[in-house]
Amino acid sequence: MPSLFDPLTLGALTLPNRILMAPLTRARAGRSHIANALMAEHYAQRASAGLLIAEATMVAADGCAFTGEPGIYDDACAAGWRGVTDAVHAAGGRMQLQIWHPGRSAHSSLNGGVQPISSGERAIQGLINTPSGKQPYEQPRRLRDDELPAIVELFRGATRRALQAGFDGVQLHGAHGYLLDQFLRDGVNDRSGPGFERYGGSIENRARLLLECVDAAVAEAGAGRVGLRLSPLAGSNDLVDSDPEALLAYVAGQLGARGIAYLELRHMDPALDAERRIAAVARQHFPGPLLRNGGFSAATAQAALDEGSADAIVFGRAYIANPDLVERLRAGAPLNEPEPKTYYAAGAAGYTDYPRMAA
Ligand code: PHB
């Protein structure tokens with residue numbers, strides 16, 4: 001069985017180890033949504049990861065859900081990211097961009113007054129942080145079927161610009177209750193009737209938008225540079241599905257047929273039986289590399305590789321506080337604890353100042 005420190009072929013990429021950095025929103029891009037030198041330093045510090053997956057990045061200029069998020073919706077955004085990928089590559093790393101549309105998780109006050117969009121019309125029950133404080137989520141506008149080609153074009157354009165910016169491919173964000181997930185799961189996708197029936201109802205229809213976006217990314221980058229994140233059981237953003245296993249079985253099979261580079265499953269707890277079952281469903285239907293993410297320690301990560309339920313493990317919180325996570329795990333060294341107060345704060349504190357382990 002492979003060790004966490006063994007190389008892995010992930011589509012077109014060869015990773016030196018199986019410890020990956022998760023996409024983590026850190027909100028350091030400011031109002032311009034353009035990646036900057038501080039972000040380049042942050043990611044370059046973490047370049048020994050098998051693969052860095054950069055934070056959720058807006059495919060649409062009016063698709064912001066979080067102040068300070070970066071974008072990849074125009075050439076200025078791509079130019080900003082070029083500084084980051086150059087720094088990571090100079091430090092010996094590999095980096096993909098997570099491309100993302102929040103759908104109904106956005107808010108008009110973050111998007112020049114534009115109402116959020118979704119598969120359906122149900123608002124998230126809860127509050128969102130806006131520049132003027134916490135506000136209720138808004139009722140989304142239900143996209144018509146004939147508007148969906150434009151969404152696919154957003155993901156195609158984002159992929160093209162990510163490559164232009166020097167990324168080693170993209171990860172589509174199909175998880176956590178954001179736009180693509182809002183089509184996948186029937187907790188919000190209740191589409192039916194003229195103009196709304198092709199992307200709602202059956203699992204095949206609900207998966208159509210996601211798969212069209214995957215196809216567009218593959219057409220730009222090649223299947224070997226495209227990955228996807230799913231979170232079949234996550235209730236984030238108030239989203240559930242009536243049959244997550246059947247949904248995943250279908251989507252995983254479709255992704256396998258397309259030969260994409262990997263599937264990342266975002267779980268909440270690797271020890272939960274339901275999540276182990278979901279990982280087994282993915283394994284059964286997706287023949288490519290399976291990445292698991294969610295609460296793993298070095299020991300449980302290696303155990304997942306040993307039992308064959310994952311090919312690599314993606315670490316989020318541990319990567320916030322440990323730029324040299326690979327070296328620490330290899331040495332069995334203690335980990336720094338992340339400081340939640342600085343997760344979404346401005347500046348270097350809690351971002352680029354976590355210490356490496358003593359030599
Ligand atoms: C998430 O995937 O959970 C996520 C994405 C974008 C954010 C925050 C969280 O801004």
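Values in this document were obtained by computation on a predicted structure and should not be read as measured data. (Residues numbered from 1 in each chain as written. Predicted model: local features only at pLDDT ≥ 70, side-chain atom pairs only at ≥ 80, totals over all residues. Heavy atoms only, no water.)

**Some details on the packing of aromatic side chains**
Cut-off, in case you're wondering: Each pair of aromatic rings taken from Phe, Tyr and Trp, with Trp reduced to its six-membered ring, is defined by centres within 6.5 Å and is described as stacked if the planes are under 30 degrees apart, edge-to-face if over 60, and tilted in the remaining cases. Helix numbering and strand numbering both begin at the N terminus, where a helix is a DSSP run of H or I of at least 4 residues and a strand a DSSP run of E of at least 2. The buried label applies to any residue whose accessible area, calculated with a 1.4 Å probe on protein chains only, is under 20% of its type's maximum; exposed applies above 50%, and partly exposed to all values in between. Only lysine NZ and arginine CZ atoms are considered, and such an atom sits over a ring when it is within 6 Å of the ring centre and within 35 degrees of the ring normal.
Enumeration according to the criterion identifies five aromatic pairs in this entry. With 6.4 Å between their ring centres and 50° between their planes, Tyr43 and Trp81 make a pair best called tilted. In this pair, Tyr43 is assigned in helix H1 (residues 37-45) and Trp81 in helix H2 (residues 75-90), connecting sequence segments 38 residues apart. We note that Tyr43, like Trp81, is buried. Taking 4.6 Å as the distance between ring centres and 55° as the angle between the ring planes, the aromatic pair formed by Phe66 and Tyr344 counts as tilted. Of this pair, Phe66 sits in the loop between strand S4 (52-58) and H2 while Tyr344 sits in the segment after helix H11 (325-331), and the two are 278 residues apart along the sequence. Exposure remark for Phe66: the relative accessible area of 27% places this residue in the partly exposed category. Linked through ring pairs, Tyr43, Trp81 and Phe167 together constitute an aromatic cluster. Lying over the aromatic face of Phe196, Arg142 brings its terminal NZ or CZ to 5.9 Å of the ring centre.

**Brief notes about the layout of surface pockets**
Let me state the cut-off plainly: Only protein atoms enter the calculation, which uses a 1 Å grid: trapped sets of points that fit a 1.4 Å probe without letting it out are cavities, open sets showing protein on both sides within 12 Å along at least five of seven lines are pockets, and any residue with an atom within 4 Å of a point is a lining residue. Grid points are joined across faces, edges and corners, and a volume is the space filled by probe spheres set on the points. Under this grouping Gly is polar, as are all residues other than the nonpolar Ala, Val, Leu, Ile, Met, Phe, Trp, Tyr, Cys and Pro and the charged Asp, Glu, Lys and Arg.
For the largest pocket, the calculated volume is near 1,100 Å³. Mapped by element, the contributors of at least two residues to the lining of the largest pocket are strand S5 (95-100), strand S7 (127-130), strand S14 (312-315) and helix H10 (317-321). At four residues, the largest contribution of residues to the lining of the largest pocket is made by S7. The residue inventory of the lining of the largest pocket, partitioned by class, reads 21 nonpolar, 14 polar and six charged. In this model, the second largest pocket occupies a volume close to 160 Å³. Forming the walls of the second largest pocket are 15 residues, and the residues nearest its centre are Asp62, His101, Val114, Ile117 and Ile151.

Fair warning: the whole summary comes from geometry, so function is off the table for now.
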